[in-house]
Every structure is written in structure tokens, then in C-alpha cells.
Amino acid sequence: MAPRKRPETRKTPEVVLRPRSRRSRSPRELEPEAKKLCVKGPGCSRRFDSGCLWAGLAGPAPCRNIVRALHHHKLGKVAWPSLQQGLQQSFVDSLASYRIFQKAAPFDRRATSLAWHPAHPSTVAVGSKGGDILLWNFGIKDKPTFIKGIGAGGSITGLKFNPLNTNQFFTSSMEGTTKLQDFKGNTLQVYTNYGTCNFWFCSLDVSANSRVVVTGDNVGHVILLNMDGKELWNLRMHQKKVTHVALNPCCDWLLATASVDQTVKIWDLRQVKGKSSFLYLLPHRHPINSAHFSPDGAQLLTTDQKSEIRVYSASQWDCPPNLIPHPHRHFQHLTPIKAAWHPRYNLIVVGRYPDPNFKSCTPYELRTIDVFDGSSGKLMQQLYDPESSGIISLNEFNPMGDTLASVMGYHVLIWSQEEAGMQK
């Protein structure tokens, strides 16, 4: 298909650099005594969050002196898992000093998708409900690139950089298309196009090794295509909307699909023959927002639309999962909350939407970003900024794992260590 030029207008996003001399205060300093919510440190957990489910699993406290831990590992006194645990604990401790050092409010509708550039750790792409896309390198002073969408009905539901050419990106949208675009907004290739407002695409993933694109729609179909745009198969794998598709990063013939039909299914792309040819069926109590494989491919993280995060493990994916109770209920006009993995450590990051019906809900509970240990399920740390106190739906660390991007309504937030943020 010949490249098609999309009408493009550029808008200068509102990019706010937080004053470097101003110290962000903790929730404990900001809330009156009756409203205090402790910003929890390592090892703490809420009464009903996860402690009761993971009792007895915590091991001895790791060495927090990284130089000493490395020295002991070199001498053979510390095994690699213990060293890795020490490095993770050091990172968790550093989260206490994370602050928002830049924010942008470029959209006239809420942000709906988020992706980090795989090669540039200070470049992030964000899509909106109106189809707008922000390409923002917050490490330089140049104005961000803003690609104008079609407005109503153009919501960007999936956003992935092209692993074969990182100057391009794939999108799925409510416009009814899955396509490849460049940074100028030009449409390079249309992979799927329904041509009607009754059907649209809700999820997207791409594999560099297999050179395939997979996308799911609002009526349960999943379509697999190669990078040239040839359709390999189109099957109805779920009864309802496919909210998420994910290819395993270490075993790219393994596909996970999540749906509002309350199931996650795991498939072998080499053996897909029909809707019943899945390898594993993982039923849930509520509709599901997402299903993410861990960076090492050995775990699967699911987020439902109520109050449950699950961690499944290879190779017996259908064994009883580890459960983390967590409030993140669904609301029609809120971008669905999705838990995500840290790229280097076994940590889970997710936004909190306080629910008065949740067992451990406390009065005046804050809308924090929660960080859980992926093995023990313990709440390790919480991030909060009183000037950005809305519900944070999407959170992703950059590939280096030292900077966090968050989506809060119309806003894009960039978190980093206070000292590091002042240097950027």
C-alpha cells in the first residue's frame, strides 16, 4: 500500500519543569494527623493487601551495601540470587527519593497508552483518546513532537515502537486500524482496517525475532500478521473484547491474550488452529485489563477490573497463581489501570484507586503508585506527589529502569531520583 500522508498539525504541549530548589514533601508532612497515610517502606504491607497470603515466604534481609555484596559474591560467599536481591533492595530504597521532575499536559482528552523508546532512555511516546500522539525527549530542551489525531473515535489503544526501525511506531486504535507510522505522522503501512465505527482494535504487540504483529479487537478476534502485512490467521479467540495481547520476550511463539470475558489464554503460535487450541486457560473473577510477561518470560502478570493482581509462573501456567489484593476498580471515563513489570528487577508497579469497599481501605487514602515485590507480593514502596494527586492509570519504567513515566488523566508525569532529576 502506498504511504499515505496524514493531516498533521503541531501543537506546543504544556511542558512544566518542576522547580529544582523546591523540596517535594511526603504525604506524612502534608496530611493532617487524621488523614495520614504512611508512605510505606520496604517490607511493610497493609493488613489485607498481601501479608496474609505470603506469610512465611520472606527470607533474611539482604545486604544493602552493594559494594560489600559484590565483594562477597566475588569471594564466593554470596550466591547470585542473594546479590540480585541486594541490588533490588537498594533500588527499592532509592524509590523513597523519587520525585516528579517534569510533567506535560498536551492533550484535550485523556491519555490512553504509553511506550518507552527502546534505545533512548529519555524518550517516551504517549497516545490519547483523541488519537493524538506525543513523542517527548525530556532530556533536551527542544519542543516535543505532537501528531494530531482525528478527535472523537480515534483513541490510541496500543502503542509500540518498531523494533526493526525505532524511528517508527505501531498503533492500534478505535479508528478501526492497526498501522505503522513515522515520527512525522505519515502512515507507512496499514495492517488492519475495518472501515466501520462498529469494530475497532484494542491491543497490540510486536516481535522482532518472529517479525510478526498481533492485534486484538472489540469482539474477541485476534489477528496475526507478518511485518510485510500478510495476514497469517484471523480467529475469534475470546467471546468478548480482547483488552491485551502479549508475546513472550524470551519465547516469542508464546502468546497471552486477555479479555473482558474474564479469561486469559496462553497460545502456541505454531499450533493455533482454532479458538479451542490454547495451551492454558486462566479464568478470573472479573474482566481483565492486561496480561504482561515478565522480562525474563518466566512469569505472567494480570490485572483485573476490580481488586486483584495475579502472578502466574512457568512452566505450569495453570497452577494456582500468587494473588495480590489491590484497589484499581474500573470506571468508564478512566483509562484502565494496568500493572507492569520493572525491566530489571522482580518488581511490579501499579496505580492505586482507593475503594471504600476494599477491605484495607483507610480514611483519606491517597492515590499512590504502589510497588510490589513480584516474589513475595509485599508492598515495598509508594510514590505520591501532592501536586499530582489524581488517579494514575499507567506506569512504566524506561529500559534502564531508573526513570518512571506515568499517565494521570490528561497529564504525563516523569519520575526520577531527586538528585538525578535535577541534572536532566
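Above this text sits the structure in question.
Overview of the structure.

The rules behind the values
Residues numbered from 1 in each chain as written. Predicted model: local features only at pLDDT ≥ 70, side-chain atom pairs only at ≥ 80, totals over all residues. Heavy atoms only, no water. Buried < 20%, exposed > 50% of the residue type's maximum accessible area, 1.4 Å probe, protein only. Helix = DSSP H or I, 4+ residues; strand = E, 2+ residues; numbered from the N terminus. Pairing = 2+ DSSP bridges. Axes fitted to C-alpha atoms, helices over the stretch in contact; angles between N-to-C directions. Phe/Tyr/Trp six-rings, centres within 6.5 Å; stacked < 30°, edge-to-face > 60°. Lys NZ or Arg CZ within 6 Å of the ring centre and 35° of its normal. Salt bridge = Lys/Arg side-chain N within 4 Å of Asp/Glu carboxyl O. Contact = heavy atoms within 4.5 Å.

On to the pairing of strand β25 (residues 369-373), then. The buried count for β25 comes to five of five residues, which makes it a mostly enclosed element. Residues Ile 369, Val 371 and Asp 373 of β25 are buried on one face, and the alternating residues Asp 370 and Phe 372, pointing to the opposite face, are buried as well. Pairing of strand β24 (residues 347-351) with β25 involves five bridges; the strand directions are antiparallel. Paired with Val 350 across the strands is Asp 370, a residue of β25. Alignment of β25 against strand β26 (residues 379-383), held across four bridges, turns out to be antiparallel. By the bridge assignment, Val 371 is partnered in β26 with Gln 381. Counting the residues that bridge the hairpin from β25 to β26 gives five residues, and of these Gly 377 lies at a positive phi of roughly 80°.

Read across the sheet, four strands follow the order β19-β20-β21-β22 without closing on themselves; strand pairing throughout is antiparallel. Here the strands that pair on one side only, and so sit at the sheet edges, are β19 (288-293) and β22 (322-325). Strand-to-strand twist across the sheet, computed as the mean angle between neighbouring axes with direction ignored, equals 15°. Inspection of the sheet shows β19 paired to strand β20 (residues 299-304) by five bridges, in the antiparallel sense. If you follow Ser 290 over to β20, its bridge partner there is Thr 303.

What follows concerns the sheet that holds strand β6 (residues 145-147). The sheet built from four strands is open, its strands ordered β3-β4-β5-β6 with antiparallel pairing. The sheet terminates laterally at β3 (111-116) and β6, the two strands that pair on one side only. Direction aside, the axes of adjacent strands within the sheet are offset by 15° on average.

Another aspect to go through is the pairing of strand β8 (residues 168-173). Most of β8 is tucked away: six of the six residues are buried. Side-chain alternation along β8 places Gln 168, Phe 170 and Ser 172 on one buried face and Phe 169, Thr 171 and Ser 173 on a second face that is also buried. Bridge count for strand β7 (residues 156-161) against β8 is five bridges, and the pairing is antiparallel. Paired with Ile 156 across the two strands is Ser 173, which belongs to β8. From the end of β7 to the start of β8, which pair antiparallel, there are six residues. Note: β8 against strand β9 (residues 177-182), five bridges, orientation antiparallel.

Applying the stated criterion to the full structure yields 14 aromatic pairs. Taken together through their ring pairs, the aromatic side chains of Phe 91, Tyr 98, Tyr 345 and Phe 397 make up a single cluster. The lysine or arginine in question, Arg 270, covers the ring of Trp 253, its NZ or CZ lying 3.9 Å from the ring centre. When the ring centre of Tyr 353 is taken as origin, the NZ or CZ atom of Arg 329, which lies over that ring, is 3.8 Å away.

Within the structure shown, the criterion is met by eight salt bridges. Across the salt bridge formed by Glu 308 and Arg 310, the nearest N and O atoms sit 2.7 Å from each other. Looking at Arg 310, the relative accessible area reads 8%, which means it is buried. Glu 365 is paired through a salt bridge with Arg 352; the nearest N and O atoms lie 3.4 Å apart. Here Glu 365, found in the loop between β24 and β25, pairs with Arg 352, found in the loop between β24 and β25; they are 13 residues apart in sequence, far enough to count as distant. Arg 352 carries the same exposure label as Glu 365, and that label is buried.

Relative to the elements of secondary structure, Pro 249 occurs in the loop between β15 (242-247) and β16 (254-259). The spatial distance from the C-alpha of Pro 249 to the C-alpha of Val 206 is 10.0 Å, given a sequence separation of 43 residues. Setting aside residues up to four positions removed in sequence, Pro 249 forms contacts with Phe 293, Ser 294, Pro 295 and Gly 297.

Summarising the element assignment, Trp 317 is placed in the loop between β21 (308-313) and β22. For Trp 317, a relative accessible area of 5% gives the class buried. As for Trp 317 and Tyr 280, which are separated by 37 residues in sequence, their C-alpha atoms are 6.8 Å apart. Not counting residues up to four positions away in its chain, the partners in contact with Trp 317 are Leu 254, Ile 266, Tyr 280, Leu 282, Phe 293, Gly 297, Ala 298, Gln 299, Leu 300 and Tyr 312.

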